[in-house]
Amino acid sequence: MHDKTRALMQRGCQFLGTEYAILCGAMSWVSERNLVSAISNAGGFGVIACGAMTPELLDTEITATKALTAKPFGVNLITMHPMLFDLIAVCAKHGVSHVVLAGGIPPKGSVEAIKAFGAKVLVFAPTLALAKKLLRSGADALVIEGSEAGGHIGPVATSVLAQEFLPELSADHVVFVAGGIGRGDMIAAYLEMGASGVQLGTRFACATESIAHPAFKKAFFRANARDAITSVQVDPRLPVIPVRALKNKGTEEFTAKQIEVAKLLDAGAVDMGEAQLQIEHFWAGALRRAVIDGDVENGSVMAGQSVGMVNSEEPVAEIVRQLVDQSEAALAR
Ligand SMILES: Cc1cc2nc3c(=O)[nH]c(=O)nc-3n(C[C@H](O)[C@H](O)[C@H](O)COP(=O)(O)O)c2cc1C
């Protein structure tokens, strides 16, 4: 079963220790013990979203996830987290096998600290030059994520990144492609281009096992691709990473938050690092409101453009099966 797909995923599967080289990208508040273990138990690779968690909370979440699956899973750490090295120590304590460093260039010593306890390091890279540099300096694998994705995004489409990165890197490196993947046909296409595997978020966010609030899930089922829009930067002095989410009142609140933070920056009350941290805290709070409280009007319903292909609640195993069936059918054509 799925021989062609498995053959193309072989290197990715070996790297992850899974049946399929399909990662469920970390989603703050959504990617906790239940979804992560369900993904790994279904033959994919679940990743805990550490987000703004304290080291104590991460410790609890890893323990709880281990109780639900014996399969490999990863932990996603945000590089700008003020306690990054304490979080790495928690991963070391648990012997976590894979750590994904997200949200920026890994700070000095972080890749080394992860490798020191034997874990593999996955990084994101917005440009080919940076990708090469990170791979040279110890990163074990790369995720390229296009602007179709949900959550924090870069400016370039997945299709373009794939053409830029895969021909250059896939012969020697493990590269996973993320952003805008809703069907297995697309997985097949990226595998044929040299990807070792893929990462999806939006397609898994509303799985049966996801703890997202029913109202959050309903918003996903109703939405079309064009409803998943990017946030706008209002002040050129305050660079904010764009976020893709369903359009609602919360989108407007973000504009107001930026003006507030820009004023603090002007008054010298905060420096640029603190200003950006405040923006990230805003997103974490807004996402929590939507995912946990179900306030899909004022919270942030982060979603990728593939949201139009998410129409009902299905168990993770069923979603994985559909994806690999579709991939196999595409490869057999
Ligand atoms: C609700 C939501 C929350 C997310 N939170 C994070 C996060 O905390 N850290 C991260 O690295 N990526 C985050 N992402 C990105 C996903 O890990 C994944 O790369 C992305 O969803 C893939 O693109 P897709 O949405 O088109 O499938 C998030 C995505 C969504 C939809």
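Residues numbered from 1 in each chain as written. Predicted model: local features only at pLDDT ≥ 70, side-chain atom pairs only at ≥ 80, totals over all residues. Heavy atoms only, no water.

**A word on the site of the ligand**
Among the 16 residues in the neighbourhood of the ligand, the closest are listed as Ala26, Ser28, Glu145, Gly180 and Thr202. Here Ala26 contributes a backbone N or O atom positioned 2.7 Å from an oxygen atom of the ligand. Measuring from an oxygen atom of the ligand, one finds a backbone N or O atom of Gly180 at 2.7 Å. Tallied by class, residues from the shell around the ligand come to 6 nonpolar, 9 polar and 1 charged. (Near = heavy atom within 4 Å. Polar contact = N/O pair within 3.5 Å; in protein donor to acceptor, adjacent residues only side chain to side chain. Nonpolar A, V, L, I, M, F, W, Y, C, P; charged D, E, K, R; others polar.)

**Considerations on the nonpolar core**
The biggest cluster of nonpolar side chains holds 109 residues, and the ones touching the most others in it are Ile22, Leu58, Leu77, Phe176 and Phe204. Examining the composition of this core, we find that 8 residues originate from one element, helix H12 (residues 272-291), more than from any other. Discounting chain neighbours no more than four positions away, the residues touching Leu58 are Ile48, Cys50, Met53, Val75, Leu77, Leu87, Val90 and Cys91. (Core = buried A, V, L, I, M, F, W, Y, C linked by side-chain atoms within 4.5 Å. Buried < 20%, exposed > 50% of the residue type's maximum accessible area, 1.4 Å probe, protein only. Helix = DSSP H or I, 4+ residues; strand = E, 2+ residues; numbered from the N terminus. Contact = heavy atoms within 4.5 Å.)

**Some remarks on the pattern of salt bridges**
Following the criterion strictly, the structure yields 16 salt bridges and no others. Among the ionic pairs, Arg203 bridges to Glu314, the shortest N-O distance being 3.5 Å. Within this pair, whereas Arg203 is found in helix H9 (residues 202-205), its partner Glu314 is found in the loop between H12 and helix H13 (316-332), the two being separated by 111 residues in sequence. Judged by relative accessible area, Arg203 falls into the buried class, the value being 7%. Exposure remark for Glu314: the relative accessible area of 16% places this residue in the buried category. Among the salt bridges present, the one from Arg289 reaches Glu253, with a minimum N-O distance of 3.4 Å. Of this pair, Arg289 sits in helix H12 while Glu253 sits in helix H11 (residues 249-266), placing them 36 residues apart in sequence. (Salt bridge = Lys/Arg side-chain N within 4 Å of Asp/Glu carboxyl O.)

**Concerning the packing of aromatic side chains**
With the rule as written, the count across this model stands at 5 aromatic pairs. With a centroid separation of 6.1 Å and 50° between ring planes, the pair formed by Phe15 and Phe176 is classed as tilted. Linking Phe15 in helix H1 (residues 3-16) with Phe176 in strand S8 (residues 174-178), this pair joins segments that are 161 residues apart in sequence. Summarising the burial analysis for this pair, Phe15 and Phe176 share the class buried. Summarising the aromatic geometry, the rings of Phe254 and Phe282 are spaced 5.5 Å apart at their centres and angled 35° between planes, so their arrangement reads as tilted. In this pair, Phe254 sits in helix H11 while Phe282 sits in helix H12, placing the two residues 28 residues apart along the sequence. Grouping residues by exposure puts Phe254 and Phe282 together as buried. (Phe/Tyr/Trp six-rings, centres within 6.5 Å; stacked < 30°, edge-to-face > 60°.)

**Overview of the sheet that holds strand S9 (residues 197-200)**
The strands that make up a sheet pair up through hydrogen bonds in the backbone, lying either parallel or antiparallel. The strand order S1-S2-S3-S4-S5-S6-S8-S9 describes a closed barrel built from 8 strands, whose pairing is parallel. Across the sheet, the axes of successive neighbouring strands diverge by a mean angle of 25°, strand direction being ignored. Pairing of strand S4 (residues 98-102) with strand S5 (residues 120-124) involves 4 bridges; the strand directions are parallel. Opposite His98, over in S5, you have Lys120 as the bridge partner. (Pairing = 2+ DSSP bridges. Axes fitted to C-alpha atoms, helices over the stretch in contact; angles between N-to-C directions.)

**Some points on the packing of helix H3 (residues 55-68) against helix H4 (residues 84-94)**
Between H3 and H4, the shortest axis-to-axis distance is 9 Å and the interhelical angle comes to 25°. Of the possible angle classes, the one that applies to H3 and H4 is roughly parallel. Two packed elements cross with a definite hand, and for H3 against H4 that hand is right-handed. Each of Pro55, Leu58, Asp59, Ile62, Thr63 and Lys66 in H3 lies in contact with H4, whose residues at this interface are Asp86, Leu87, Val90, Cys91, Lys93 and His94. Counted by class, the contact of H3 with H4 contains 6 nonpolar, 2 polar and 4 charged residues. (Parallel < 35°, antiparallel > 145°, perpendicular 65-115°, else oblique. Left-handed = near helix turned anticlockwise from the far one by under 90°.)

**Remarks on the sheet that holds strand S7 (residues 151-152)**
The 3 strands are arranged S7-S11-S10 in an open sheet whose pairing can be described as antiparallel. Among the strands making up the open sheet, the edge pair consists of S7 and strand S10 (228-230). Where S7 meets strand S11 (residues 243-246), 2 bridges bridge the pair, whose relative direction is antiparallel. Of the residues in S11, the one forming a bridge with His152 is Val243.

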